[in-house]
Amino acid sequence: MLDKRYPCYLANAPVRTKEELDVLDKFSGKRATRVAFADAAMIRKAIVAAHKARRPMADFPPDARRDVLEHCVRRFTERSEELALALCIEAGKPIKDARGEVARLIDTFRIAAGEATRIGGDLIELQISPRTRGYRGMVKRVPIGACAFITPFNFPLNLVAHKVAPAIAAGCPFVLKPAAKTPVGALIIGEVLAETDLPKGAFSVLPCSNEDAGLLVEDERIALLSFTAGLVGWDLKARAGHKKVTLELGGNAACIVDEDPGQSLDEVVERMVFGAYYQSGQSCISVQRIFVHAAIYAKFRKKMVEAVAKLRMGDPQDERVFIGPVVDEEAAKRIEHWMDDAIAMGAKALVRGMRKGNQVPAALLEKVPRDCDLNRKEVFGPVALLEPFDDFEDALDGVNDSDFGLQAGVFTGSLAHTMRAWDRLDVGGVIVGDVPSFRVDNMPYGGVKASGLGREGVRYAIEDMTEQRLLVVRDAR
């Protein structure tokens with residue numbers, strides 16, 4: 001149970017609403033708290049306020065933006081255990097994972113604080129022919145304007161941070177719609193931002209219905225829409241008009257284990273278990289498909305089965321628990337149904353337990369047909385699939401045999417295979433020596449194909465949130 005009700009934030013100010021949203025403890029299923037729930041009228045007011053705040057935010061000096069972000073770093077650090085507990089309750093995230101996400105929240109704001117005073121430009125040599133002698137060219141980056149952010153339930157702190165922190169660093173006002181299932185973390189971020197001297201209208205944090213959030217998609221006063229969640233993002237892009245759109249839409253990440261993986265199998269298995277099952281597989285870069293060289297397949301499978309079978313499921317507030325609940329029972333039933341269908345089509349379950357409500361035990365399957373949902377779609381649950389390969393090129397083809405392309409992992413001791421994977425894999429990032437679930441918050445992060453458009457990672461997000469403005473000066477002497 002969380003110890004208070006949370007207001008939403010409209011143009012920097014806390015607001016209570018008549019209608020409130022119940023936030024459930026994902027493990028017990030009981031109401032943990034209630035939060036303010038915005039209607040269409042509030043969203044319109046937030047858009048107007050953000051649009052009016054464009055010039056004040058652009059004029060807000062870079063050092064002042066840095067100071068705001070550093071204030072957030074201090075306050076999140078002071079409130080770290082509160083944030084972790086809220087995340088554990090509202091998202092069902094095991095407490096160790098929750099603390100890890102709070103640490104990443106702090107990192108992301110710290111990185112943004114550093115970038116706020118480093119947004120530079122270019123000098124362009126225009127004197128490339130006799131007709132352009134005496135001309136000088138310069139380019140600077142300017143804020144794009146009001147932004148709309150829509151975030152998912154699985155990382156309620158850090159995925160919010162990856163939109164909010166770069167926006168502040170870039171000088172962009174924003175309206176944020178957090179996921180209805182996990183709004184508390186975003187509202188605590190709003191509470192901390194309200195302690196700062198950001199210009200009025202610089203931010204609004206509004207839990208609301210998906211229908212009312214359509215205003216953020218379609219209103220032309222919004223210059224950029226940044227959306228992280230499922231494939232519905234492509235529909236939002238079609239409705240977004242002339243605004244810039246960035247999308248992170250998930251994946252079914254694959255990992256290759258070469259004949260010489262470059263490290264011991266025990267080390268590989270340890271990382272693979274983390275990558276596939278941390279926070280119950282509810283990550284866009286969770287390991288879903290594992291391709292293992294036939295020469296080591298039997299040995300790897302044995303070690304993987306033993307490790308997965310030991311994973312403890314239960315109350316996410318228990319320090320010993322590795323597998324917490326998935327977001328709701330509907331998601332758990334879907335995961336179970338996909339496994340049942342795969343087994344009916346010939347797959348073999350190496351490790352599988354019984355679902356209990358919205359708790360799905362860690363599962364490991366092999367011989368999963370390529371055309372079943374468990375293989376083709378994003379499971380978003382604690383399930384991984386094993387498949388042997390004989391030739392490295394076949395493994396690369398297997399990874400690419402997907403509608404998605406976010407990140408891929410490759411365990412290999414071969415430099416040639418490392419470079420070949422980098423050349424051939426149709427993904428946004430290739431992680432060698434580790435799982436695709438690895439992410440550092442300053443690296444470019446995003447995908448190709450159905451996985452989305454654009455890149456996050458603070459500096460790269462700032463590029464999306466700014467535009468280039470050219471200055472040409474003619475020396476008339």
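Residues numbered from 1 in each chain as written. Predicted model: local features only at pLDDT ≥ 70, side-chain atom pairs only at ≥ 80, totals over all residues. Heavy atoms only, no water.

Novice: Outline the pattern of salt bridges, supporting the account with residue identities and numerical values.
Specialist: Tallied over the full model, the rule gives 40 salt bridges. We note a salt bridge from Lys-302 to Glu-306, for which the minimum N-O separation is 2.8 Å. Of the two residues, Lys-302 and Glu-306 both sit in helix H11 (residues 294–309), four residues apart, roughly one turn of that helix. Given the relative accessible area of 54%, Lys-302 is considered exposed. Residue Glu-306 is classed as partly exposed on the basis of its relative accessible area of 38%. Arg-376 is paired through a salt bridge with Asp-401; the nearest N and O atoms lie 3.0 Å apart. Linking Arg-376 in helix H13 (residues 373–376) with Asp-401 in the loop between helix H14 (392–400) and strand S17 (404–405), this pair joins segments that are 25 residues apart in sequence. By relative accessible area, Arg-376 is classed as partly exposed at 22%. (Salt bridge = Lys/Arg side-chain N within 4 Å of Asp/Glu carboxyl O. Helix = DSSP H or I, 4+ residues; strand = E, 2+ residues; numbered from the N terminus. Buried < 20%, exposed > 50% of the residue type's maximum accessible area, 1.4 Å probe, protein only.)

Novice: Outline empty space enclosed by the protein, supporting the account with residue identities and numerical values.
Specialist: Applying the stated criterion to the full structure yields five cavities of 30 Å³ or more. Of the volumes computed, that of the largest cavity is approximately 140 Å³. Around the largest cavity, the lining is made up of 18 residues, and of these Lys-163, Ser-226, Thr-246, Arg-455 and Glu-456 lie nearest the centre. At the level of secondary structure, the elements contributing two or more residues to the lining of the largest cavity comprise helix H6 (158–170), strand S10 (224–228), strand S11 (244–248) and helix H16 (458–464). For the lining of the largest cavity, the element with the most residues is S10, which contributes four residues. By volume, the second largest cavity amounts to about 120 Å³. In terms of lining residues, the second largest cavity is bounded by 13 residues, among which Phe-155, Leu-159, Ser-283, Arg-439 and Tyr-445 are the most central. (1 Å grid on protein atoms, 1.4 Å probe; cavity = no way out; pocket = protein on both sides within 12 Å on 5 of 7 lines; lining within 4 Å. Points joined across faces, edges and corners; volume = space filled by probe spheres on them.)

Novice: Describe in detail the sheet that holds strand S16 (residues 383–389), supporting the description with residues and values.
Specialist: With mixed pairing, seven strands are arranged side by side in an open sheet as S14-S15-S16-S13-S12-S18-S19. A strand with exactly one partner marks an edge of an open sheet, and here the two such strands are strand S14 (348–351) and strand S19 (429–432). Strand-to-strand twist of the sheet, defined as the mean angle between neighbouring strand axes without regard to direction, takes the value 25°. Pairing of S14 with strand S15 (residues 363–366), which is carried by three bridges, proceeds in the antiparallel orientation. (Pairing = 2+ DSSP bridges. Axes fitted to C-alpha atoms, helices over the stretch in contact; angles between N-to-C directions.)

Novice: Can you lay out unusual backbone geometry for me, pointing to particular residues and giving the numbers?
Specialist: Although it is not a glycine, Asn-12 adopts a positive phi angle of roughly 80°. Inspection of the secondary structure puts Asn-12 in the loop between strand S1 (8–10) and strand S2 (13–15). Residue Asn-12 is classed as buried on the basis of its relative accessible area, which comes to 14%. With a phi angle near 40°, Gln-279 is a residue other than glycine that sits in the positive phi range. Mapping Gln-279 onto the fold places it in the loop between helix H10 (265–277) and strand S13 (289–293). Judged by its relative accessible area of 5%, Gln-279 falls in the buried class.

Novice: How would you summarise the layout of surface pockets if you had to cite specific residues and measurements?
Specialist: The calculated volume of the largest pocket comes to roughly 1,100 Å³. If you trace the largest pocket, you find 39 residues lining it, with Phe-153, Ala-229, Gly-230, Leu-231 and Val-232 closest to the centre. For the lining of the largest pocket, the residue count by class is 20 nonpolar, nine polar and 10 charged. (Nonpolar A, V, L, I, M, F, W, Y, C, P; charged D, E, K, R; others polar.)

Novice: Provide a residue-level description of the side chain of Thr-108, including the pertinent values.
Specialist: With respect to the secondary-structure elements, Thr-108 resides in helix H5 (residues 95–116). If near-sequence neighbours (up to four positions away) are discounted, Thr-108 is found in contact with Asn-158, Ala-161, His-162, Ala-165, Asp-441 and Val-458. (Contact = heavy atoms within 4.5 Å.)

Novice: Can you lay out the nonpolar core for me, pointing to particular residues and giving the numbers?
Specialist: One finds Leu-69, Phe-76, Phe-109, Phe-174, Leu-193 and Leu-198 to be the most contacted residues of the largest nonpolar core, which totals 89 residues. Beyond its immediate chain neighbours, meaning those up to four positions away, Leu-193 contacts Val-68, Cys-72, Val-164, Ile-168, Phe-174, Leu-198 and Phe-203. Core analysis: the second largest hydrophobic core is formed by 25 residues, Leu-265, Val-269, Ala-276 and Val-351 among them. (Core = buried A, V, L, I, M, F, W, Y, C linked by side-chain atoms within 4.5 Å.)

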